[in-house]
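Commentary on secondary and tertiary structure
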Amino acid sequence: GDGKGYGKSYGKSWGGGGGWGNSMMWGPYGMKGMGKGKGLRGFSNETKVWIGGLPADSCSTDLNKQLKAHMETAGGRCLYAEVGKSGNGGAAFK
């Protein structure tokens, strides 16, 4: 054909025609505003603590929330916490 078909469908699927493309909160750092950032790597070393001895192969969003709530009892404001597959985890503070 004339090569126009590809350009039209590309424009529609990436924000040209509404849909989910315009409703996402991309911002300057991609999906970071939606909680899908780089994890602990997105925080500076001065604000992180690493945690060992957590249950292996039990990582879940719920467990991450429980760890975050627990870390907030230690003082300071915990911004992010996660448990990894290996039983190691970490938390980042403000």
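Residues numbered from 1 in each chain as written. Predicted model: local features only at pLDDT ≥ 70, side-chain atom pairs only at ≥ 80, totals over all residues. Heavy atoms only, no water.

This part covers the pattern of salt bridges. Counting across every chain of the model gives 1 salt bridge. A salt bridge links Glu-72 to Lys-68, with the shortest nitrogen-to-oxygen separation between them at 3.4 Å. You can see Glu-72 and its partner Lys-68 sitting in helix α3 (residues 61-72), 4 residues apart, about one turn around the helix. When its relative accessible area of 28% is taken as the criterion, Lys-68 is described as partly exposed. (Salt bridge = Lys/Arg side-chain N within 4 Å of Asp/Glu carboxyl O. Helix = DSSP H or I, 4+ residues; strand = E, 2+ residues; numbered from the N terminus. Buried < 20%, exposed > 50% of the residue type's maximum accessible area, 1.4 Å probe, protein only.)

With that settled, consider the confidence of the model for the chain. When pLDDT is averaged along the chain, the result is 74; 61% of the residues meet or exceed 70. Below a pLDDT of 50 lies the segment residues 8-14, which in the model reaches 4 contacts outside its immediate sequence neighbourhood of four places, other chains included. Ignoring residues within four places in sequence, the model shows residues 16-35, a span with pLDDT below 50, making 16 contacts including any to other chains. (pLDDT = per-residue confidence, 0-100. Contact = heavy atoms within 4.5 Å.)

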